[in-house]
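Understanding the architecture of this molecule
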Amino acid sequence: MSERIPTVETFEPSHPKKVKAKPGDNLIHTRSFTGLFRTLRLSGAAVLFLAFFGTVWLNWSERQAVLWDLAESKFHIFGATFWPQDFILLSALLIICAFGLFAITVFAGRVWCGYTCPQSSFTWLFMWCEKVTEGERNQRIKLQAAPWSLNKLARRSAKHGLWLGISVLTGLTFVGYFTPIRPLAVELLTWQMGGVSLFWVLFFTAATYLNAGWLREAVCMHMCPYARFQSVMFDKDTLTISYDAARGEQRGPRKREVQPAHVGLGDCIDCQLCVQVCPTGIDIRDGLQMECIGCAACIDACDSIMDKMGYARGLVSYTSEHQLQGGKTHLLRPRLIGYSAVLLVMIAALGVALVERPMVSLDVTKDRGLFRENSQGLIENIYSLKVINKTQQRQDYRLELVDGDGFQLQGPTVISLAPGEISDVPMSVTLLAETPASSSQTIRFKVSEVDEPWIFSAADSRFVAPLNR
Ligand code: SF4
Ligand code: SF4
């Protein structure tokens, strides 16, 4: 018995790129699909969602494990605390992320977009809500075209209710990384949230609802800068999701038992499934397009058709331009090696910087008055030493001058600071000689742990004195 792959004509033929329910409707009604790449995508998104929504609730030593404390200008991440002075490390981390993105893009195109980008992940989640509340693609198209009824109102309300619920949770979670989440959640539930927190929770709620619910692929196509420049990183060996036109054309429907070559056809049966599953509504058979976010849904769809037809999989697949032209894909190539090498060097440098990061910080500010004469007729300069205990334990610190022959430090020489405490210590430095060697010279202050003096921080300042007295 012959079997023809069923096709569903629900799109508007005059506009093949957009699957519409009726003229004027610009929504893309994506068909859900299963397959290897969908499983990979969902697994990646599940890990990311778990990390995003879960980490904020973890505690570490009686405080939130990950918290960017804006009021105190500290960033806590589990056992480590970072201060504004450490933000160079954050810059290094961002550079590492950028080079990681460059390397993966040269190797496999827009896998970031398809598998891990928050915009894509939230969009997939919202599309799942849509499927649960409004049904599969054909039901959604019918619902879209149908006049308002109780059924339509109930389904639409359920969908938007779910979208809003996820959006509020996202907004709360995001703000919870900057303000302790537990009191914030209680404030939200009891309607007692302060104006600033409320503004940001509502802002991120609206951003999630609009971006993932309404804008969706428009963000990728018109707003995301990465979509604009990623194509310049592609080369002829980059693995992109492509349709093998040499194998697929001439496309056209046929019965399953018919040999395509006998009727002058290629392997594409023109079922449109690859278009119907595409979240950006494009036809991969038109070639590589800027709108393609590399989600691989069309591979899953086409592979299932190939299985049903008894053809080899891979009519739509991850492949390179070289391979499509009959050549081989070169995995190791200069640009990829270059990005990977920079990436490895940056990761190593960041690792060293993290390990070597001084756990005590010292900043010295000289008093605005240049100098003064004390009761013994000696010249004095006044300083303020800002000491930060960056550890998680109370520490005793010794304050001293490095190579301070000829000077005397006056003020506390040992201070005790609680974990994370910042102390401003007033100090005066006296020049012991009556006649200074120069009008201005560098002096170096040092703060070190009393128990482990090899842990220290030093900072320079100037000592100013009159030459002619
Ligand atoms: S490429 Fe595959 S999924 Fe797309 S129309 Fe052809 S056979 Fe169908
Ligand atoms: S063309 Fe394929 S890989 Fe690209 S966005 Fe559409 S479904 Fe995803």
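Quick notes on the rules
Within each chain, residue numbers correspond to sequence positions counted from 1 in written order. Chains and ligands are labelled by the order in which they are written, letters from A for the one and numbers from 1 for the other. Selection of residues for local features in this predicted model requires a pLDDT of at least 70, selection of side-chain atom pairs for listing and counting requires 80 or more, and totals for whole chains, interfaces and linings are taken over all residues. In computing side-chain values, all of the structure's heavy atoms are included and hydrogens and water are not. What makes two strands pair is DSSP finding at least two bridges between them. Runs of E in the DSSP output that reach at least two residues are strands. Runs of H or I that reach at least four are helices, and both are numbered from the N terminus. Lines are fitted to the C-alpha atoms to define the axes, a helix being fitted only along its stretch in contact, and any angle between axes, read from their N-to-C directions, falls within 0 to 180 degrees. UniProt positions are given in the numbering used here, feature names are shortened, and annotations may be inferred rather than shown by experiment. Here a residue is considered near a molecule or strand provided that any single heavy atom belonging to it is located within 4 Å of it. Polarity classes work like this: nonpolar for Ala, Val, Leu, Ile, Met, Phe, Trp, Tyr, Cys and Pro, charged for Asp, Glu, Lys and Arg, and polar for all others, with Gly in that last group. Expected helix span is given by 1.5 Å per residue-to-residue step, counting one fewer step than there are residues. Three exposure classes are used, based on accessible area relative to the maximum for each residue type with a 1.4 Å probe and protein chains only: buried under 20%, partly exposed in between, and exposed over 50%.

Right, let's get into the sheet that holds strand 4 (residues 74-77). The pairing of strands in a sheet comes from backbone hydrogen bonds and takes either a parallel or an antiparallel form. Spatially, 3-4-5 is the arrangement adopted by the three strands of the open sheet, whose pairing is antiparallel. At either end of the open sheet lies a strand with only one pairing partner, and these are strand 3 (66-69) and strand 5 (80-82). Adjacent strand axes in the sheet meet at a mean angle of 10°, parallel and antiparallel pairs treated alike.

Here four strands make up an open sheet; going across it, the order is 13-11-15-16 and the pairing antiparallel. Strands with a single pairing partner mark the edges of an open sheet, and in this sheet they are strand 13 (414-417) and strand 16 (456-464). Each adjacent strand pair in this sheet contributes to an overall mean axis angle of 30°, direction not counted. When strand 15 (residues 440-449) meets strand 16, the two strands line up antiparallel, connected through nine bridges. The partner of V447 across the bridge, within strand 16, is S457.

Our next topic: the UniProt feature "transmembrane region" (unreviewed entry) in the chain. Under the local residue numbering, the UniProt record ascribes the feature "transmembrane region" (unreviewed entry) to residues 40-60, 87-108, 161-179, 191-212 and 336-355. Annotation note: span residues 336-355, helix share 100%, strand share 0%, distance between end C-alpha atoms 29 Å.

Right, let's get into the site of ligand 1. Near ligand 1 the following residues occur: Y243, C268, I269, D270, C271, Q272, C274, R285, C302, M306 and V316. Among the residues forming the shell around ligand 1, the class breakdown is eight nonpolar, one polar and two charged.

With that out of the way, let us pick up helix 13 (residues 297-309). Relative to the 18 Å expected for 13 residues at 1.5 Å per residue, helix 13 spans 19 Å between its end C-alpha atoms, a close match to the ideal helical length. Every buried residue of helix 13 is accounted for by A297, C298, I299, D300, A301, C302, D303, S304, I305, M306 and M309. A positive phi of about 80° marks G310, the residue just after helix 13.

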